[in-house]
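Residue-level structural notes
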Amino acid sequence: DTVYDARIATEDALIDAIDTYNMHAAAPLLRLQLDTLFRAHYIASGPDLDDLTSRLLQGEEFRNIEDAEGKRLTDVRLKDLAKEAHGWALPVYRETSGWVHFSVSHMRVTTQVGNDNEFFMSVPLPPSVLPESLWQEIYAASIRATEELFVYVRGWAARKGLPPGEMRDLAW
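None of these values were measured; they are calculated from a predicted model.

**Topic: the packing of helix α2 (residues 23-45) against helix α7 (residues 132-159)**
At a closest axis distance of 9 Å, the pairing of α2 and α7 adopts a crossing angle of 25°. When the axis of α2 is compared with that of α7, the two are roughly parallel. Handedness of the α2/α7 crossing: left-handed. Contact with α2, carried on its side by M23, A26, L30, Q33, L34, T36, L37, A40, H41 and A44, involves L134, W135, I138, A141, S142, A145, T146, E148, L149 and Y152 of α7 and no other residues of that element. Across the contact of α2 with α7, the residue classes tally to 14 nonpolar, five polar and one charged.

Okay, structure coming up:
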């Protein structure tokens, strides 16, 4: 699989989740997209691309690799390193993180008080529970994350196989 194939599969899954009003799937998928964007940012801006690439291809995980400051490349660290380039994504990351593990975000929207003080829980959520504007925000964030990821992919394609400092002109 390529980055492109993986991104398309994630996009398809996100669209399916939104079409079925499944926030329990949509939010973690968007968070996955942001994690990928932050990793691509680090790869593109890291100090030793060859060493990092070799380590990743040998199966080493980001979280077990240290950056130039000696800090492990956890999701949070990668997010912090990408904040200047992708500041818009930080609040989205924070909100979607609440959906990755069972949390207050889950409880807040899945539980409702009905007529006569009835208490009920619903998964997936009925479409009326979350405003349409939230779904539009998810689409917009997903589109932006994908567009920004492909800036890194195009940069990689322009340099792949060339000596350091050289780039090819890409028609796409």
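**So, the environment of A68**
Structurally, A68 is set in the loop between α3 (49-57) and α4 (75-81). Considering only alpha carbons, one finds A68 and P47, 21 residues apart in sequence, at a separation of 7.5 Å.

**Structural notes on the confidence of the model for the chain**
The pLDDT averaged across the chain works out to 85; a share of 85% of its residues lies at or above 70. Within the chain, no element has a lower average pLDDT than helix α6 (residues 104-110), which sits at 61, and none a higher one than α4, at 96.

**Observations regarding α7**
The terminal C-alpha atoms of α7 lie 42 Å apart, and with 28 residues this matches the ideal 40 Å at 1.5 Å per residue to within 8%. G161 sits one or two positions beyond α7 and adopts a positive phi of about 80°.

Definitions and limits used
- Residue positions are given per chain, counted from 1 along the sequence in the order it is written.
- Two thresholds apply to this predicted model, a pLDDT of at least 70 for residue-level local features and 80 or more for giving and counting side-chain atom pairs, whereas whole-chain, interface and lining totals are computed over all residues.
- For side-chain calculations, the full set of non-hydrogen atoms in the structure is used, while hydrogens and water are omitted.
- Between the N-to-C directions of two axes lies an angle of 0 to 180 degrees, each axis being a line fitted to C-alpha atoms and, for a helix, fitted only over the stretch in contact.
- To qualify as a helix, a DSSP run of H or I must reach at least 4 residues; to qualify as a strand, a run of E must reach at least 2; elements of each kind are numbered from the N terminus.
- Relative orientations are named as follows: roughly parallel for angles under 35 degrees, roughly antiparallel for angles over 145 degrees, roughly perpendicular for angles from 65 to 115 degrees, and oblique for any other angle.
- Left-handed describes a crossing whose near helix is turned anticlockwise from the far helix through less than a right angle; right-handed describes the clockwise counterpart.
- Should any heavy atoms of two residues lie within 4.5 Å, those residues are counted as being in contact.
- Side-chain classes follow a simple rule in which Ala, Val, Leu, Ile, Met, Phe, Trp, Tyr, Cys and Pro form the nonpolar group, Asp, Glu, Lys and Arg form the charged group, and the remainder, Gly included, forms the polar group.
- What pLDDT reports is the predictor's confidence in each residue, on a scale of 0 through 100.
- To estimate the expected span of a helix, subtract one from its residue number and multiply by 1.5 Å.

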